[in-house]
Amino acid sequence: MNLKVKPPLLLNWYDTNAREMPWRISPSDRIAGVTPNPYHVWLSEIMLQQTTVATVKSYFIKFISKWPTLEKLAQADEGEVTGAWAGLGYYARARNLLKCAKIISSDYGGKFPSDYKTLLKLPGIGPYTAGAIASIAFDKKEVVVDGNVERVISRLFDIKIPLPESKKEITKIAKNLTPSVRPGDYAQAVMDLGATVCTPIAPKCLVCPLQQHCLSYKNGSQNLVPFKRKKEKKPTRYGYMYIVKRTDDAYLLERRPDKGLLAGMLGWPTSEWSQNPEESPPIVSEWKTHKTKIRHTFTHFHLEITLKTAFVNLNCKPKRGFFALVGEFNSNELPTVFKKAFDVHQEA
Ligand code: SF4
């Protein structure tokens, strides 16, 4: 089967079924000569790396309202950017976003490079994101393979090798299928087909524009493909978190180390997070232990936190961290695990 020689089924479908997104150019605008804003495409792609479209939309709008251009973002300070990022997780993305904006501003005159290899050299841009930016923002014929594309191609070719082992083959096929005409729209068309028609559960084969070419549909295996290797169970780590409130309503905060999980982020002092953590209170005080555990899941482990709170007077000297009044920091801009703890503290 060679879908390239078939009529442009997918592009025709995309012209009337493209999803609307705040960073996108509609197919009709693209045909009329409107080009996407590379800053918007890049920002959305970085946000989408670990997050769903539904969540990203409001963050994207917040970012472009606050920093309407890449030059404006390049002038922001790191705390502001990570603060606006709070809730999206994987904060290295926010720090790389700022680094990347600064490099483009200083080394590329504020203009996004359009070439895959140059994009790949920029902080936070890996092979997928470089391909997506080159393709979507600059209409270059680059391969773009996300989870949606993996699923569509696995089913079209009824690939029975489980993911991620089949990724190489899928990428090879994706490269072969990418047309020279409107490659950017084509990349988005496959993603949209995967998100709305060739869905993980109960694909809507009866309305699929590729049905007549689909081997999984022909073989009746569309609900089994793609096969996935069984994921290893995530371990659980434990830890303590300390919320200290002073009589003037200031809270004790601590900036996390520059390396490791939540690197450089502001949060409540904590113990180590491990199988068997030792207590590590930042202050000598009487502590209240909350019954409600704070649970949070990171990429490689689940975390179960015991929350301890203390109320102290103005003379107290913490062993580490610093006091800040509520107006001097925004609890909503703390990483989610700290925000969860703050909510439990406030409800108590
Ligand atoms: Fe997916 Fe069904 Fe279309 Fe095949 S026919 S690509 S399984 S939606």
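Whatever comes next refers back to the structure up there.
The model shown is predicted, which means the values in this text are computed figures rather than measured ones.

## What to know about the packing of aromatic side chains
Then comes step 1: For the coordinates displayed, the defined rule picks out 13 aromatic pairs.
Then comes step 2: With centroids separated by 6.0 Å and ring planes inclined at 85°, the aromatic side chains of Trp268 and Phe329 adopt a geometry described as edge-to-face. In this pair, Trp268 sits in the loop between strand S3 (266–267) and strand S4 (288–289) while Phe329 sits in the loop between strand S7 (322–324) and helix H14 (336–347), placing the two residues 61 residues apart along the sequence. Phe329 shares its class with Trp268; the two are buried.
Then comes step 3: Site record: aromatic cluster; members linked through ring pairs are Tyr251, Trp268, Phe329 and Phe342.

## Things to note about the environment of Gln188
Then comes step 1: Structurally, Gln188 can be placed in helix H12 (residues 183–196).
Then comes step 2: The spatial distance from the C-alpha of Gln188 to the C-alpha of Ile125 is 19 Å, given a sequence separation of 63 residues.
Then comes step 3: Not counting residues up to four positions away in its chain, the partners in contact with Gln188 are Tyr14, Arg24, Arg30 and Ile136.
Then comes step 4: At 3.0 Å, the side chain of Gln188 and the side chain of Arg24 are in polar contact.

## Description of the site of the ligand
Then comes step 1: With respect to spatial proximity, the complete set of residues near the ligand consists of Arg155, Cys198, Pro203, Cys205, Cys208, Gln211, Cys214, Tyr217 and Gln222.
Then comes step 2: Of the residues assigned to the shell around the ligand, the class counts are six nonpolar, two polar and one charged.

## A closer look at a negative patch on the surface
Then comes step 1: A grouping of Asp77, Glu78, Glu80, Asp258 and Glu333 is seen on the molecular surface, where their side chains present a negatively charged patch.
Then comes step 2: Within the element layout of this structure, Asp77 appears in the loop between helix H5 (70–74) and helix H6 (78–85).
Then comes step 3: A relative accessible area of 46% places Asp77 in the partly exposed class.

## Some thoughts on the pattern of salt bridges
Then comes step 1: Counted according to the given criterion, the structure contains 14 salt bridges.
Then comes step 2: Residue Asp158 is joined to Lys160 by a salt bridge in which the shortest nitrogen-to-oxygen separation is 3.2 Å.
Then comes step 3: Take Lys160: its relative accessible area is 42%, and that puts it in the partly exposed class.
Then comes step 4: Here Lys245 and Asp249 are joined by a salt bridge, their closest N and O atoms 3.8 Å apart.
Then comes step 5: For Asp249, a relative accessible area of 42% corresponds to the partly exposed category.
Then comes step 6: Here the salt bridges share partners, and the residues they tie into one network are Asp15, Arg30, Arg182 and Asp185.

## What about the pairing of strand S5 (residues 294–297)?
Then comes step 1: Of the two faces of S5, only one is covered, namely that formed by Ile294 and His296; the face formed by Arg295 and Thr297 stays uncovered.
Then comes step 2: Taken together, the four bridges between S5 and strand S6 (residues 302–312) define a ladder with antiparallel strand orientation. Its bridge partner lying in S6, His296 is registered against Leu303.
Then comes step 3: In this antiparallel pair of consecutive strands, S5 and S6, the connection spans four residues.

Cut-offs applied
Residues numbered from 1 in each chain as written. Predicted model: local features only at pLDDT ≥ 70, side-chain atom pairs only at ≥ 80, totals over all residues. Heavy atoms only, no water. Phe/Tyr/Trp six-rings, centres within 6.5 Å; stacked < 30°, edge-to-face > 60°. Helix = DSSP H or I, 4+ residues; strand = E, 2+ residues; numbered from the N terminus. Buried < 20%, exposed > 50% of the residue type's maximum accessible area, 1.4 Å probe, protein only. Contact = heavy atoms within 4.5 Å. Polar contact = N/O pair within 3.5 Å; in protein donor to acceptor, adjacent residues only side chain to side chain. Near = heavy atom within 4 Å. Nonpolar A, V, L, I, M, F, W, Y, C, P; charged D, E, K, R; others polar. Patch = residues over 30% accessible without salt bridge, like charges linked within 9 Å, V, L, I, M, F, W, Y side chains within 5 Å. Areas by Shrake-Rupley, 256 points an atom, 1.4 Å probe, with all protein chains shown as cover. Salt bridge = Lys/Arg side-chain N within 4 Å of Asp/Glu carboxyl O. Lys, Arg positive; Asp, Glu negative; His and termini not counted. Charge placed at Lys NZ, Arg CZ, Asp CG, Glu CD. Pairing = 2+ DSSP bridges.

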